[in-house]
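The chain contents come next:
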Amino acid sequence: MHARELFDLTGKVAIVTGGGTGLGRQMATALAEMGANLVLCARKAERCEETAAELSKLGARALGLRCDVTVADDVRAMVERAKAEFGRIDILVNNAGRAWVAPAASMAVEDWRRVIEVNLTGAFLCAQAAGNVMIAQGGGKIINIASVAGLGGAMPEVLDSIAYNASKGGLVNFTRDLAVKWARHKINVNAIATGWFPSQMSSAIVEHWGERLARAIPLGRIGGDEDLKGAVVYLASRASDYVTGQVLAVDGGQTA
């Protein structure tokens, strides 16, 4: 097989949670550019519908849906709609996320739970629902969007969000364990640990600390609009068929 064919996603069907904006939109665009059809979902369907319309201009069939990833019935309905619309599910990108900044000593348990519910429980519910389709059809790819914040501690002056860091750390080991359990079903489960990228969650931090953060990154800059595309296409395609249970840091060398 020619190397270019290994990255071709023509005819594949991908679900991207939180796919209407930010990093989710960047990754959804990359998958569409490589030929995949898309289901984009988030709590606000309007953004997903707008992005789906834009991706359709690339030749992809794209669908924007409302789905709260913390609600099992929402997730099941979204996956059932995706399968009914496209006939199969080949790729799941668990990108929906939430953060809450508060000191560990005073963070309200309700805020802790909200973050864990989206970042960890939401990933589980989506992986379970989409994974059952993948098991039945004989394989698939699951890509969990973690963070370098889940690989170690963070100075409170920059990121005082213990729930976010803990949830992303949990997502890393969720990835590894699920990869082992579902390898027999030919489902590859990997994670991308993102570094600093502009997004709705990080915009205030990047605006305030951007120059200092960039100085601590070996490549000398914050992540940009193209920097996640290659990683998500690789992990979604046949090029990564012998890769599972791994965490790919896309962070400009921050964790080197």
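As a reminder, the structure under discussion sits directly above these lines.
Values in this document were obtained by computation on a predicted structure and should not be read as measured data.

Analysis parameters
- Residues numbered from 1 in each chain as written.
- Predicted model: local features only at pLDDT ≥ 70, side-chain atom pairs only at ≥ 80, totals over all residues.
- Heavy atoms only, no water.
- Helix = DSSP H or I, 4+ residues; strand = E, 2+ residues; numbered from the N terminus.
- Rg over C-alpha atoms; globule rule 2.2 N^0.38 Å.
- Contact = heavy atoms within 4.5 Å.
- Axes fitted to C-alpha atoms, helices over the stretch in contact; angles between N-to-C directions.
- Left-handed = near helix turned anticlockwise from the far one by under 90°.
- Nonpolar A, V, L, I, M, F, W, Y, C, P; charged D, E, K, R; others polar.
- Salt bridge = Lys/Arg side-chain N within 4 Å of Asp/Glu carboxyl O.
- Buried < 20%, exposed > 50% of the residue type's maximum accessible area, 1.4 Å probe, protein only.

Asker: Explain the overall build of the protein chain to me, please; I cannot follow it from the model alone.
Answerer: Along the protein chain, the regular secondary structure elements total eight helices and seven strands. For a compact globule of 256 residues, the expected C-alpha radius of gyration is about 18 Å, and the protein chain comes in at 17 Å, within 12% of that figure. Overall size of the protein chain, expressed as C-alpha extent along the three principal axes, is 50 × 40 × 35 Å. Counting contacts in the protein chain only where the partners sit at least 6 residues apart, residues at least 24 apart contribute 75% of the total.

Asker: Sorry, what's going on with the packing of helix H4 (residues 72-86) against helix H5 (residues 109-137) here?
Answerer: How two helices pack is summed up by the angle between their axes together with the distance between the axes. In the contact formed by H4 and H5, the axes pass within 9 Å of each other and the chain directions differ by 35 degrees. Like other packed secondary-structure pairs, H4 and H5 cross with a definite hand, here right-handed. Every residue of H5 that contacts H4 at Ala72, Val75, Val79 and Lys83 is listed here: Leu125, Cys126, Ala129, Ala130 and Val133. Residue composition of the contact of H4 with H5, grouped by class: eight nonpolar, no polar and one charged.

Asker: Before we go on, may I ask you to explain the pattern of salt bridges in this structure?
Answerer: A side chain of one charge can pair with a side chain of the opposite charge if their charged atoms are brought near each other. A full pass over the atoms with the stated rule returns twelve salt bridges. Notably, a salt bridge pairs Asp73 with Arg76, separated by 2.2 Å at the nearest N-O pair. Of this pair, Asp73 and Arg76 both sit in helix H4, three residues apart, roughly one helical turn. Residue class for Arg76 comes out partly exposed when judged on its relative accessible area of 43%. The network of salt bridges with shared partners includes Glu33, Glu226 and Lys229.

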